[in-house]
Amino acid sequence: MFNIAVFASGSGSNAENLVSHFKDSTVGRISLILSNKKEACVLKRAERLGVPYDTFTYKEFQDSDHIISLLDKYRIDFIILAGFLLKVPDYLLAKYPGKILNIHPALLPKYGGKGMYGRYVHEAVIAAKEKKSGITIHTIDSQYDCGKTIYQSICTITEDDTPESLEAKIHELEKAYPQVAEDYIESEFTDL
Ligand code: GAR
């Protein structure tokens, strides 16, 4: 059974979906939720769901000893980013090769990169009059929103869609994240 840490900076709807899904999993469980924002709603969700949680500052995130001792305390094998806005430092990529997943609320490689997160992505997609958007689930490497794509799904955009209505469609698609993550972990790592 893998111990999974979720890193999140915001509301935490994906984090909550992950916790609920992995409660019944034979592959892993969400053992820790970490955030770089002390006021993030995801921490209230963690409290309500009974999942251990902690926070770190930007400076602490750059300090490998600080973060790795926290992850080791919970014997974390795998990291799932769920609306996490900081770039993952090299020491984490080295410790968790192929074992850090991210979800992006657009069809990468379009609408990715620094500053492209959450509502900003949907505003850019609507402003460009795209006819479709979607989600991308991918492994993490040292660039923003790069790495190997393991899953994409698509929604259509109508003329009356707004960034808010597109965001709601994307959140529906994001409900697939826990199953995709579980399948990935099981297929790639269960014989370790
Ligand atoms: C999600 O839509 C996620 O795809 C996006 O932030 C939102 C977080 O929502 N992630 C990014 O934009 C990463 N570049 P949540 O806090 O309710 O899970």
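Refer to the structure presented above.
Colleague: Can you help me understand helix α6 (residues 118-127) in this one?
Modeller: Since there are 3.6 residues in each turn of an α-helix, residues three or four apart along the chain are aligned in direction. Three or more residues of α6 are buried, namely Val 121, His 122 and Val 125. All buried residues of α6 lie within an arc of 95° about the axis, which places them on one face of the element. Positioned one or two residues after α6, Lys 129 has a phi angle of 55°, which is positive.

Colleague: Before we go on, may I ask you to explain the sheet that holds strand β4 (residues 78-81) in this structure?
Modeller: Backbone-to-backbone hydrogen bonds pair the strands of a sheet. The strands run either parallel or antiparallel. Spatial ordering of the open sheet is given by β3-β2-β1-β4-β5-β6-β7, a layout of 7 strands whose pairing is mixed. The outermost strands of the open sheet, each flanked by one partner alone, are β3 (53-55) and β7 (149-156). The sheet shows a mean angle of 20° between the axes of neighbouring strands, taken without regard to direction. Note that strand β6 (residues 132-139) and β7 share 7 bridges and pair antiparallel. Along β7, the bridge assignment pairs Lys 132 with Thr 156.

Colleague: Just checking my understanding: could you explain helix α7 (residues 163-173) for this structure?
Modeller: Every buried residue belonging to α7 is among Pro 163, Leu 166, Glu 167, Ile 170 and Leu 173, and all of these are buried. Along α7, the residues classed as buried sweep out an arc of 110° about the axis, all on the same side. Taken together, the buried residues of α7 touch α6, β6 and β7.

Colleague: Is there a simple way to think about the nonpolar core in this case?
Modeller: For soluble globular proteins, the rule of thumb is that nonpolar side chains tend to be buried together. Counting residues in each nonpolar core, the largest one holds 39 residues, and the members touching the most others are Val 6, Leu 18, Ile 30, Ile 33, Phe 78, Ile 80 and Tyr 177. Among the elements that make up this core, the one with the highest residue count is helix α8 (residues 177-189) (6 residues). Residues within four places of Ile 30 in sequence aside, it is in contact with Ile 4, Val 6, Leu 18, Val 19, Phe 22 and Val 51. By size, the runner-up hydrophobic cluster in this structure holds 22 residues, among which are Ala 5, Phe 7, Ile 76 and Leu 81.

Colleague: How do you make sense of the site of the ligand when you look at a structure like this?
Modeller: As a structural note, the neighbourhood of the ligand is formed by 14 residues, with Gly 12, Ser 13, Asn 14, Gly 118 and Glu 174 the closest of them. In the model, an oxygen atom of the ligand is placed 2.9 Å from a nitrogen or oxygen of the Gly 118 main chain. Looking at the shell around the ligand, the elements with two or more residues in it are α1 (13-23) and β5 (100-104). Taken together, the residues that form the shell around the ligand break down as 4 nonpolar, 9 polar and 1 charged.

Colleague: I would appreciate a short explanation of the packing of α1 against α8 in the present structure.
Modeller: Between two packed helices, what matters for the description is the angle formed by their axes and the separation of those axes. Interhelical geometry of α1 versus α8 gives an angle of 55° and a closest axis separation of 8 Å. When the axis of α1 is compared with that of α8, the two are oblique. Like other packed secondary-structure pairs, α1 and α8 cross with a definite hand, here right-handed. On the side of α1, the interface is formed by Asn 14, Asn 17, Leu 18, His 21 and Phe 22, while α8 contributes Tyr 177, Pro 178, Gln 179, Ala 181 and Glu 182. A class-by-class count of the residues in the contact of α1 with α8 yields 5 nonpolar, 4 polar and 1 charged.

Colleague: It is not clear to me how the environment of Asp 72 should be interpreted in this structure. Could you clarify?
Modeller: Within the secondary structure, Asp 72 sits in helix α4 (residues 64-73). Along the primary structure Asp 72 and Val 180 are separated by 108 residues, whereas in three dimensions their C-alpha atoms are 25 Å apart.

The rules behind the values
Residues numbered from 1 in each chain as written. Predicted model: local features only at pLDDT ≥ 70, side-chain atom pairs only at ≥ 80, totals over all residues. Heavy atoms only, no water. Buried < 20%, exposed > 50% of the residue type's maximum accessible area, 1.4 Å probe, protein only. Helix = DSSP H or I, 4+ residues; strand = E, 2+ residues; numbered from the N terminus. Arc of directions from axis to C-beta. Pairing = 2+ DSSP bridges. Axes fitted to C-alpha atoms, helices over the stretch in contact; angles between N-to-C directions. Contact = heavy atoms within 4.5 Å. Core = buried A, V, L, I, M, F, W, Y, C linked by side-chain atoms within 4.5 Å. Near = heavy atom within 4 Å. Polar contact = N/O pair within 3.5 Å; in protein donor to acceptor, adjacent residues only side chain to side chain. Nonpolar A, V, L, I, M, F, W, Y, C, P; charged D, E, K, R; others polar. Parallel < 35°, antiparallel > 145°, perpendicular 65-115°, else oblique. Left-handed = near helix turned anticlockwise from the far one by under 90°.

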